[in-house]
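Here are the chains, one letter per residue:
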Amino acid sequence: MPERLGSEKVTEEYPRFIVPGFAPFDPMDLIKRTERIVCSGNQRKYTNFYATGVYGGIATGYTVGCCFRCIFCWVGLGREYLEKHGKFYSPEEAFDQLSQVARKSGTAKLRISGAEPTLGKEHLLGLLSLVEESMFKLFILETNGVYFGIDDNYVKQVSKFKKVHVRVSLKAGTPEDFTRKTGAKPEAFEIPFSAIRNLIKYGARFHVAAMSADPRIMSPAERAALLMKLHGVDPGLVKGLEEEIVDPYETTLLRLEKAGHQLKWPLTQLC
Ligand code: SF4
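Note that the structure is a prediction, hence the values are computed from the model and not measured.

**Student:** For this particular structure, what's the right way to read the overall build of the protein?
**Tutor:** Helices and strands together make up the secondary structure of the protein, namely 10 helices and nine strands. Rg of the C-alpha trace for the protein: 18 Å, near the compact-globule value of 18 Å for 271 residues, within the 12% margin. Based on the C-alpha atoms only, the size of the protein along its principal axes is roughly 45 × 45 × 35 Å. Per-residue burial for the protein yields a buried fraction of 53% across its 271 residues.

The following block contains the structure:
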């Protein structure tokens, strides 16, 4: 398939890696800038379609483009160099690729990974409509919550799809830690919590995850602040919280190093 380019060229100021002394960015602005690179009409860039063992086996479409720059992020360097990675696929083309992978690997579960899947609203809603009408049973939508926090109607539309389960991944427990870890301005800290409120409001199937089981990334005090904040939204969220640790992917190590962090592995030696 010939590559069809998005409308924006990547300029010097486009945020790539977080480095010491970086200027915090507005993630809503970065959504728009990134969409102009990785989306074209209802198409979105993907680099690959494959099956993986997570979630007990799932067909995965690997995309590029995010509105955060998490220092512990594991995805490929398509996050930073999105103009160089991927080809554009329509919702029908992406669904076709996912279907082929799912059939070959014998799974009825699908997802998008490698990036923030909510970028390219028209593409995602088109893809989810196809999933809803299909024989597949589940689409796991892993999001950082920015788009769902600022666009109430987007959440309303996604919540109508009964096969969609949303996983909101929180990055920090305080505004300062949020900026240090994601690169986004501290005022945006509240946005993912607004996403959670929107998901509750529209009765969506969802749960919350956080990198809160890793003291190298989240101190006990920050974890306590996060749990308290979640409790304030809904006490049940704390009980259902999926707590993660950082894995030493090559890209994770590179991003941590660029940000001036040196973590030691394995984590068990530190606990
Ligand atoms: S960890 Fe997720 S939210 Fe953070 S930069 Fe990577 S893809 Fe984006």
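What follows continues from the structure just given.
**Student:** What am I meant to see in the site of the ligand here?
**Tutor:** Around the ligand, the neighbouring residues are Cys-66, Phe-68, Cys-70, Cys-73, Arg-79, Asn-144 and Lys-171. Grouping the amino acids of the shell around the ligand by side-chain chemistry returns four nonpolar, one polar and two charged.

**Student:** Help me understand the side chain of Ser-99, please; the structure alone is not making it clear to me.
**Tutor:** Structurally, the position occupied by Ser-99 is in helix α2 (residues 91-105). Overall, the relative accessible area of 2% leaves Ser-99 in the buried class. There is a polar contact of 2.7 Å between the side chain of Ser-99 and the backbone oxygen of Phe-95.

**Student:** Would you mind going over helix α10 (residues 250-258) with me for this structure?
**Tutor:** Helical periodicity: at 3.6 residues per turn, an α-helix aligns residues three or four positions apart in one direction. Of all the positions in α10, only Thr-251, Thr-252, Arg-255 and Leu-256 are classed as buried. Buried residues along α10 cover an arc of 135° about the axis, so they all sit on one side. Facing away from the buried side of α10 by more than 90 degrees, the exposed set consists of Glu-250 and Glu-257. With its phi angle positive at about 90°, Gly-260 sits one or two positions after the end of α10.

**Student:** How do you make sense of the confidence of the model for the protein when you look at a structure like this?
**Tutor:** Atom-level detail of predicted coordinates should not be read off regions where pLDDT is low. Predicted confidence across the protein gives a mean pLDDT of 94, with 94% of residues reaching 70 or more. Counting contacts from residues 1-5, a segment whose pLDDT is below 50, to residues more than four positions away or on other chains yields 11 contacts.

**Student:** What is the right way to read the pattern of salt bridges from this model?
**Tutor:** For side chains bearing opposite charge, pairing can occur when the charged atoms are close. According to the stated counting rule, one finds 14 salt bridges in the structure shown. The closest approach of N and O atoms between Lys-201 and Asp-152, which form a salt bridge, is 2.8 Å. Within this pair, whereas Lys-201 is found in helix α7 (residues 191-201), its partner Asp-152 is found in helix α5 (residues 152-159), the two being separated by 49 residues in sequence. Take Lys-201: its relative accessible area is 54%, and that puts it in the exposed class. On the basis of relative accessibility, which here comes to 27%, the residue Asp-152 falls in the partly exposed class. Arg-180 is the partner of Asp-177 in a salt bridge, and the nearest nitrogen-oxygen pair spans 2.8 Å. Of this pair, Asp-177 and Arg-180 both sit in helix α6 (residues 175-182), three residues apart, roughly one helical turn. Note on Asp-177: relative accessible area 16%, which makes it buried. Taking relative accessible area as the criterion, Arg-180 reaches 35% and is therefore assigned partly exposed.

**Student:** Just to check I follow, could you spell out the packing of aromatic side chains for this structure?
**Tutor:** Two aromatic rings, taken as a pair, are described by how far apart their centres are and by the angle between their planes. As enumerated under the stated definition, the model contains 13 aromatic pairs in all. Look at Phe-17 and Tyr-81: their rings are 6.3 Å apart centre to centre, the planes differ by 65°, and that puts the pair in the edge-to-face class. Placement of the pair is Phe-17 in the segment before α1 (27-38) and Tyr-81 in the loop between β3 (58-63) and β4 (87-89), with a sequence separation of 64 residues. Given the relative accessible area of 16%, Phe-17 is considered buried. Their ring planes at 90° and their centres at 5.1 Å tell us that Phe-148 and Tyr-154 sit as a pair that is edge-to-face. The exposure classification of Phe-148 matches that of Tyr-154, with both residues buried. A cation over a ring is seen here: Lys-229 above Phe-193, with NZ or CZ 5.0 Å from the ring centre. Just above the ring of Phe-17 sits the side chain of Lys-258; from NZ or CZ to the centre is 4.8 Å.

**Student:** Any chance you could explain unusual backbone geometry here in plain terms?
**Tutor:** Peptide bonds are trans in most cases, and residues, glycine excluded, mostly fall at negative phi. In the Ramachandran plot, Tyr-55 falls in the positive-phi region, its phi being about 55° despite a non-glycine side chain. Along the polypeptide, Tyr-55 turns up in the loop between β2 (43-52) and β3. Assessed through its relative accessible area of 30%, Tyr-55 is described here as partly exposed.

**Student:** Would you mind going over the nonpolar core with me for this structure?
**Tutor:** Soluble globular proteins: nonpolar side chains tend toward being buried together. Within the largest apolar cluster, 77 residues are counted, with the highest numbers of intra-cluster contacts made by Leu-110, Phe-139, Phe-148, Val-158, Val-166, Leu-170 and Ile-196. Sequence-distant contacts of Val-158, defined by excluding residues within four places in its chain, comprise Leu-125, Leu-128, Leu-141, Phe-148, Val-164 and Val-166.

Basis of the calculations
- Residues numbered from 1 in each chain as written.
- Predicted model: local features only at pLDDT ≥ 70, side-chain atom pairs only at ≥ 80, totals over all residues.
- Heavy atoms only, no water.
- Helix = DSSP H or I, 4+ residues; strand = E, 2+ residues; numbered from the N terminus.
- Rg over C-alpha atoms; globule rule 2.2 N^0.38 Å.
- Buried < 20%, exposed > 50% of the residue type's maximum accessible area, 1.4 Å probe, protein only.
- Near = heavy atom within 4 Å.
- Nonpolar A, V, L, I, M, F, W, Y, C, P; charged D, E, K, R; others polar.
- Polar contact = N/O pair within 3.5 Å; in protein donor to acceptor, adjacent residues only side chain to side chain.
- Arc of directions from axis to C-beta.
- pLDDT = per-residue confidence, 0-100.
- Contact = heavy atoms within 4.5 Å.
- Salt bridge = Lys/Arg side-chain N within 4 Å of Asp/Glu carboxyl O.
- Phe/Tyr/Trp six-rings, centres within 6.5 Å; stacked < 30°, edge-to-face > 60°.
- Lys NZ or Arg CZ within 6 Å of the ring centre and 35° of its normal.
- Core = buried A, V, L, I, M, F, W, Y, C linked by side-chain atoms within 4.5 Å.

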